[in-house]
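Here is what each chain is made of, one letter per residue.
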Amino acid sequence: MPGTPLDRAMRSKNAVLAFSGLVTAAVAWSFWGGSLFPAESDPTGNPEFWTREELRRWLAARNLYPGLDDTKEQLLERVRANMR
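If you look at the biggest cluster of nonpolar residues, it comprises seven residues: Trp50, Leu55, Trp58, Leu59, Leu75, Leu76 and Val79. At the level of elements, α2 (52–61) and α3 (72–82) are the ones that each hand at least two residues to this core. Ignoring any residue separated from it by four or fewer positions in sequence, one finds Trp50 in contact with Pro43, Thr44, Gly45, Leu55, Trp58, Lys72 and Val79.

Shown next, in the form of structure tokens:
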């Protein structure tokens, strides 16, 4: 049974809405540059005064894989050994 003109119009509307959704998604992606939550920058200053999380972030950024149970002193020692 052939579709009525109304059926054909609804199929066309769905295609337009789908295309509009894809364009909207592409624009949103380009605005955010693919990163909704950009990485934090490296901590600056003397590592003595960095928090444990800053020490872990500094090591992780250099693929030095800080341990989950490492103390602040252990992390600080590794940071000092790897600073240039």
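Now that the structure has been shown, we can carry on.
Before going further, it helps to examine the pattern of salt bridges. Scanning the entire structure with this criterion turns up five salt bridges. The residue Glu48 makes a salt bridge to Arg80 at a minimum N-O spacing of 1.6 Å. Placement of Glu48 in the loop between α1 (5–32) and α2 and of Arg80 in helix α3 is noted, with a sequence separation of 32 residues between them. Between Arg78 and Asp70 there is a salt bridge; the shortest N-O distance is 3.9 Å.

Another aspect to go through is the packing of α2 against α3. Packed helix pairs are characterised by how far apart their axes lie and by the angle those axes make with each other. Across the interface, α2 lies against α3 with an axial gap of 9 Å and an inter-helix angle of 40 degrees. As summarised for this structure, α2 and α3 are arranged oblique, according to the angle between their axes. The crossing of α2 and α3 is left-handed. The residues of α3 that touch α2, namely those facing Arg52, Leu55, Arg56, Trp58 and Leu59, are Lys72, Leu75, Leu76, Arg78, Val79 and Asn82. Residue composition of the contact of α2 with α3, grouped by class: six nonpolar, one polar and four charged.

Another point: a nonpolar patch on the surface. Judged by side-chain polarity, Phe19, Val23, Val27, Phe31 and Trp32 come together as a nonpolar surface patch covering roughly 580 Å² of accessible area. Relative to the assigned elements, Val23 resides in helix α1. Residue classification places Val23 among the partly exposed positions, given a relative accessible area of 38%.

What counts and what doesn't
Residues numbered from 1 in each chain as written. Predicted model: local features only at pLDDT ≥ 70, side-chain atom pairs only at ≥ 80, totals over all residues. Heavy atoms only, no water. Core = buried A, V, L, I, M, F, W, Y, C linked by side-chain atoms within 4.5 Å. Buried < 20%, exposed > 50% of the residue type's maximum accessible area, 1.4 Å probe, protein only. Helix = DSSP H or I, 4+ residues; strand = E, 2+ residues; numbered from the N terminus. Contact = heavy atoms within 4.5 Å. Salt bridge = Lys/Arg side-chain N within 4 Å of Asp/Glu carboxyl O. Axes fitted to C-alpha atoms, helices over the stretch in contact; angles between N-to-C directions. Parallel < 35°, antiparallel > 145°, perpendicular 65-115°, else oblique. Left-handed = near helix turned anticlockwise from the far one by under 90°. Nonpolar A, V, L, I, M, F, W, Y, C, P; charged D, E, K, R; others polar. Patch = residues over 30% accessible without salt bridge, like charges linked within 9 Å, V, L, I, M, F, W, Y side chains within 5 Å. Areas by Shrake-Rupley, 256 points an atom, 1.4 Å probe, with all protein chains shown as cover.

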